[in-house]
Amino acid sequence: MRTDSRLSRMLHVLLHMARADQPMTSEEIARMLGTNAAVVRRTMAGLRKVGYVQSDKGHHGGWRMARGLDSITLLDVHRAVGGPRIFAIGADRENPDCAVERVVNDAIADALRQAEALLVQRLGAVTLADLSGQFDALCRAAAGAGHR
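In this text, all values refer to a predicted model and were calculated from it rather than measured experimentally. (Residues numbered from 1 in each chain as written. Predicted model: local features only at pLDDT ≥ 70, side-chain atom pairs only at ≥ 80, totals over all residues. Heavy atoms only, no water.)

Draft legend 1. Seen up close, the pattern of salt bridges. Summed over the entire model, instances satisfying the criterion amount to four salt bridges. The partner of arginine 41 in a salt bridge is glutamate 27, and the shortest N-O contact between them spans 3.6 Å. Of this pair, arginine 41 sits in helix 3 (residues 37–49) while glutamate 27 is found in helix 2 (residues 26–33), placing the two residues 14 residues apart along the sequence. With its nearest N and O atoms 2.8 Å apart, the salt bridge here joins aspartate 56 to arginine 64. Overall, arginine 64 belongs to the partly exposed group, its relative accessible area being 33%. (Salt bridge = Lys/Arg side-chain N within 4 Å of Asp/Glu carboxyl O. Helix = DSSP H or I, 4+ residues; strand = E, 2+ residues; numbered from the N terminus. Buried < 20%, exposed > 50% of the residue type's maximum accessible area, 1.4 Å probe, protein only.)

Draft legend 2. Quick look at a nonpolar patch on the surface. A grouping of Val100, Val104 and Ile108 is seen on the molecular surface, where their side chains present a nonpolar patch of about 240 Å² in accessible area. You can see valine 100 is positioned in helix 5 (residues 99–125). For valine 100, a relative accessible area of 59% translates into the label exposed. (Patch = residues over 30% accessible without salt bridge, like charges linked within 9 Å, V, L, I, M, F, W, Y side chains within 5 Å. Areas by Shrake-Rupley, 256 points an atom, 1.4 Å probe, with all protein chains shown as cover.)

Draft legend 3. Representation of the pairing of strand 2 (residues 62–65) in the model. Pairing geometry for strand 1 (residues 53–56) and strand 2, over four bridges, is antiparallel. By the bridge assignment for strand 2, valine 53 is matched with methionine 65. Hairpin connection from strand 1 to strand 2: five residues lie between these consecutive antiparallel strands, with glycine 58 at a positive phi of about 90°. (Pairing = 2+ DSSP bridges.)

Dropping the structure here:
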């Protein structure tokens, strides 16, 4: 089964955009992600709609951050890019006449509700500023290791 990588790809883009001195074009982002500019524009439109990024047309135009990294969580980005349901597993079919199937479906549904609640809570607790800080720490550690 193919995984949906929109969340990780857009987090990657947003962190690069936050560090960029000038707006990034859809073509630049597409090259970075190994996709085409139309896909980038379609995906970025969801982020623009909720006010996380903005785009400027014309010469020197492109995409740039519209809000601070500390005000955007991973869950916010997941929702903005139209991510799929958190989990794609579930019951095969509903057959209320089969007690075994009802028990199995209830057990799966309960486990999925609990797992989704935990994942949503965790994604909502991490901001882009947190990721940016972790990146900075990795860079400092690598620079320090190179001076030994």
